[in-house]
Structure formats: C-alpha cells, structure tokens
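# A closer look at the structure
As a plain string of letters, each chain reads:
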Amino acid sequence: MKVGKVRIDAFLTGMVLAIILAALFPTPGAHGGFLHPELLTKLGIALIFFLNGAMLSFHALKDGVLRWRLHLIIQVATFVLFPVIGLVFLAVAGRWISPDLQLGFFYLCALPSTVSSSVAMTSAARGNVPVAVFNATISSLIGIVVTPLWMSLLLKTSGHHLDVAGVFIDLFKWMVLPMIIGQVLRRWIGAWLHRRKKLAQTADRGTILLLVYTSFCDSFALNIWSSTNLIVMLSVIAATLVLFFGVLLLLWKLCDLGGIAPAFRSAVVFCGTKKSLATGVPMASLIFAGHASGLGLILLPIMIYHPLQLLICTLLASRWAKEAQA
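What you are looking at is a predicted structure, and each value in this text was computed from that prediction instead of being measured.

## Some words on the environment of isoleucine 180
Its place among the elements puts isoleucine 180 in helix 9 (residues 164-194). Isoleucine 180 gets classed as partly exposed once you look at its relative accessible area, which sits at 42%.

What follows is the structure, encoded as structure tokens:
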C-alpha cells in the first residue's frame, strides 16, 4: 500500500471550523440572533430547491416520484422503524434515564427527515436527486401529522395544538414554490446552470455548513453542553450513534436485497437516516408547551444527533462521489 500525503477534505474542515465558530460565537447563529438563522436557513433551502427545479427535467422529476418502492422504504424507516426502535430502547433502558431524556429520545425517533441536507448530501454523492427531493418534501408533510400522533401515544394525551395551516404555508413558500419557479425558468437558465454545476454544489455545501453552525449555536446558547452531566452526555452520544448506524445498516441491507442501484441507495440512506432539527425545535415548543423546564433535556438527543448525522453523511457522500466518479 502506497503511503502518501494525507489530503484534508475542505468540506470536513469547514464543518470543524463551523463548530469551533459556534462554540466561540454562539449568540449570532442561535435562534433570535442577529444573523436570523431561521431566515438564512429557509433562504438556503429555497436556493437548493430552486437550483434543483431549474436543473431537473420534468421527466427526471416524474421518474423520481414514480419510484414507489424507494419511497416506501424511506418513509417506513422514518416513521415506523425509528419509533419502534425508540420504544424498544425505552422498554429496555428507560428505567436508567430521566423522564425528560426518555421523551427526548423518542421525540428524536418520531421526527421527519431533513430537507435541504438530505437533498444536498444526495447531490454531493452523485445520487438520484429527484428521489431525495420527493422524499424530503413528503417526509416533512407526513411529519406534521405523524410526529404529534407518536408523541401523543407516548404521552397518552393529544391535547396539544399544532398550527398545521401555518406549517403547510411555510413548506410551500420555501420549498415547493422555489422548485416550481426553477422549473418555469429552466428553459432559459437550465443549460447555463448545467455548465456551472459547481455553483449548485457550493450552494448545497454552504447550506449544510450553515445548518451545522446554527445547530451547534443553539446547543451552546442553551448551555446544554455545560449544564449536563458528562456521563449523561456520553450515554446520549452513544445511544444516538447506535440508533443512526443501526438504521443505516438495515437500509443498506434492504438496498442490497432489493437490488437497488448505488445512485438510488444514497438517496435511501440519506433520507431514511436523517432527522430534522429545523422541524424538531419549533414543533417541540408546541408539543411540550406545558413542560418548558424540561425542554432542554428533551431537545438534547436531536441536538446531538443532528450534527453527528451531518458529519457522518458528509464522509459517506464524499466516499460515494469518488466511487461514482471512478
């Protein structure tokens, strides 16, 4: 084996720098900070969907929508496999963790998949973007209903109110509408964008780095890292890693058994293993409105899972992109 210079991945370096920046300056990137991360993230999502709408032909998008077997695998993993694993985990280990952490771990399992990072990772891995776009979008819509239902089952109450109309308007405004605009403008700018694919890649990766920065800013601003027992922190990290890799391996095996091509495999893995912090934080403030004192611990698992999934999926995307190129 030839030993040469170790090449440092620029994107991974950017992620490390984003975390360090969040630790040093958490306030600007936290919710309510002067950078307004809620708006910046939405603009990044809109840009991702606009570019994908402008670069994808209607035939390619239709091809992604019609692959029902892939959609079934991803959505079952997100809304059935994850929660079932969560229930088993609580039945086995629930007695050793606090009630708030029990809620937090199951809440993580019940959340929908991410939007922008699932699409961006699939694109970076040179996977099938239409499948990722469709599943990331539909996951957010399903999550509006299914996540509160799962939590109601656990809490044995369904008395909390969700502004479903407001969420649907938000999804349409920042995801569906930009993609429609991109499709409409495709005949004029599609060829130009295809000649400049690095522009789309820069937008994808820039959005991911923004998500990493803001997600860590929130955790530092909430003092989760300093106010939580080290053993508890390590236990949550270990549990989230086991959860992530367990689902990843199951999805990988399903892809192998089903003869799913590598281009579609990346979409299945990235959409099926992701959990959305952007959806989780605001939804938690509504579902657990009567339990504000425990909200920090409830959010701890998703706060840890989110950056870990970005880091691991970034490494996978980089590896699969090289394999696809080779």
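## Details of helix 7 (residues 116-124)
Burial within helix 7 is extensive, with 8 of its 9 residues counted as buried. Inspection of helix 7 places Ser116, Ser117, Ser118, Val119, Ala120, Met121, Thr122 and Ala124 among the buried residues, and these make up the whole buried set.

## A closer look at the side chain of threonine 78
Here threonine 78 shows up in helix 5 (residues 68-93). Within polar-contact distance, the side chain of threonine 78 engages the backbone oxygen of isoleucine 74 at 2.9 Å. Excluding its chain neighbours within four sequence positions, the residues that come into contact with threonine 78 are Pro83, Cys109, Leu111, Pro112, Ser113, Ser139, Cys271, Gly272 and Lys275.

## A few points about helix 6 (residues 99-110)
For helix 6, spanning 12 residues, the distance from its first C-alpha to its last is 17 Å, which sits close to the expected 16 Å at 1.5 Å a residue. Counting buried residues along helix 6, 10 of its 12 residues qualify, which places the element largely inside the surrounding structure. Taken together, the buried positions of helix 6 are occupied by Asp100, Leu101, Leu103, Gly104, Phe105, Phe106, Tyr107, Leu108, Cys109 and Ala110.

## Here we look at the packing of helix 12 (residues 230-257) against helix 13 (residues 262-273)
It is at 10 Å that the axes of helix 12 and helix 13 come closest, and there the two elements cross at 150°. Relative to helix 13, helix 12 is oriented roughly antiparallel. Judged by the sense of rotation from one axis to the other, the crossing of helix 12 with helix 13 is right-handed. Contacts between helix 12 and helix 13 involve Phe244, Val247, Leu248, Leu251, Trp252 and Cys255 on the former and, on the latter, Arg265, Val268, Val269, Gly272 and Thr273. For the contact of helix 12 with helix 13, the class distribution of residues is 8 nonpolar, 2 polar and 1 charged.

Quick notes on the rules
Residues numbered from 1 in each chain as written. Predicted model: local features only at pLDDT ≥ 70, side-chain atom pairs only at ≥ 80, totals over all residues. Heavy atoms only, no water. Helix = DSSP H or I, 4+ residues; strand = E, 2+ residues; numbered from the N terminus. Buried < 20%, exposed > 50% of the residue type's maximum accessible area, 1.4 Å probe, protein only. Polar contact = N/O pair within 3.5 Å; in protein donor to acceptor, adjacent residues only side chain to side chain. Contact = heavy atoms within 4.5 Å. Expected span 1.5 Å × (residues − 1). Axes fitted to C-alpha atoms, helices over the stretch in contact; angles between N-to-C directions. Parallel < 35°, antiparallel > 145°, perpendicular 65-115°, else oblique. Left-handed = near helix turned anticlockwise from the far one by under 90°. Nonpolar A, V, L, I, M, F, W, Y, C, P; charged D, E, K, R; others polar.

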